[in-house]
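Structure at a glance
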Amino acid sequence: MVTVLEGNQDITPIHNPDNDRWIEFRKDGTFSSGGGPQGANSGSYQVDNHANTLFLDSDAGDGDDSNWQLQFRDHLLYMRGIGTNRQEMTTVICERQTD
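Note that the coordinates shown come from a computational prediction; the quantities given were computed from them, not determined experimentally. (Residues numbered from 1 in each chain as written. Predicted model: local features only at pLDDT ≥ 70, side-chain atom pairs only at ≥ 80, totals over all residues. Heavy atoms only, no water.)

Some points on unusual backbone geometry
The peptide bond linking Gly36 to Pro37 adopts the cis configuration, its omega dihedral lying at 0°. With phi around 55°, Asn19 is a residue other than glycine that occupies positive phi space. With respect to the helices, strands and loops of the structure, Asn19 is situated in the loop between helix H1 (12–15) and strand S3 (22–25). Looking at Asn19, the relative accessible area reads 59%, which means it is exposed. With phi around 55°, Asn52 is a residue other than glycine that occupies positive phi space. As for its placement among the helices and strands, Asn52 is situated in the loop between strand S5 (41–48) and strand S6 (53–58). (Helix = DSSP H or I, 4+ residues; strand = E, 2+ residues; numbered from the N terminus. Buried < 20%, exposed > 50% of the residue type's maximum accessible area, 1.4 Å probe, protein only.)

What to know about the sheet that holds strand S8 (residues 76–82)
Strand order across the open sheet formed by nine strands is S2-S1-S9-S8-S7-S6-S5-S4-S3, with antiparallel pairing between neighbours. Single-partner strands in this sheet number two, and they are strand S2 (9–10) and S3. Looking at chain direction, strand S7 (residues 66–73) and S8 are connected through seven bridges and run antiparallel. Residue pairing for S8: Gln71 is matched across the bridge by Tyr78. (Pairing = 2+ DSSP bridges.)

Some points on the nonpolar core
Formed by Phe31, Tyr45, Leu54, Leu56, Trp68, Leu70, Leu77, Met79, Val92 and Cys94, the largest nonpolar core amounts to 10 residues. Elements with a minimum of two residues in this core: S6, S7, S8 and strand S9 (90–95). In this structure, Phe31 is in contact with Ile23, Glu24, Phe25, Arg26, Asn41, Ser42, Gly43, Ser44, Tyr45, Leu56, Asp57 and Ser58, ignoring residues within four places of it in sequence. (Core = buried A, V, L, I, M, F, W, Y, C linked by side-chain atoms within 4.5 Å. Contact = heavy atoms within 4.5 Å.)

Considerations on the pattern of salt bridges
Per the counting criterion, the structure on display carries two salt bridges. Residue Arg86 pairs with Glu6 through a salt bridge whose shortest N-O separation is 2.8 Å. Pair noted here: Arg86 is in helix H2 (residues 85–89) and Glu6 is in strand S1 (residues 3–6), with a separation of 80 residues, a long-range link. Judged by relative accessible area, Glu6 falls into the partly exposed class, the value being 22%. A salt bridge links Glu24 to Arg26; the nearest nitrogen and oxygen atoms lie 3.9 Å apart. (Salt bridge = Lys/Arg side-chain N within 4 Å of Asp/Glu carboxyl O.)

Here it is as structure tokens:
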């Protein structure tokens, strides 16, 4: 995760202060994430390729599930929240890492 935006405001220092947050999507439909300040999380995910959306079903419970509109630009993944006004103002930008 390289940047977190709320509207046009960069809130990365709040949501990724140590620049160590990450998310891994596995081929089996599961994900894991980690880094501060939120810590570890895992669950399953579903992608709708026609709508370019992602649903994260968190093992932490219904209150932690999330929906995202996806857009790819070069090696970056832009995830814009779907749902409430605040969620729709939130964009998370991730950089693809390969082993």
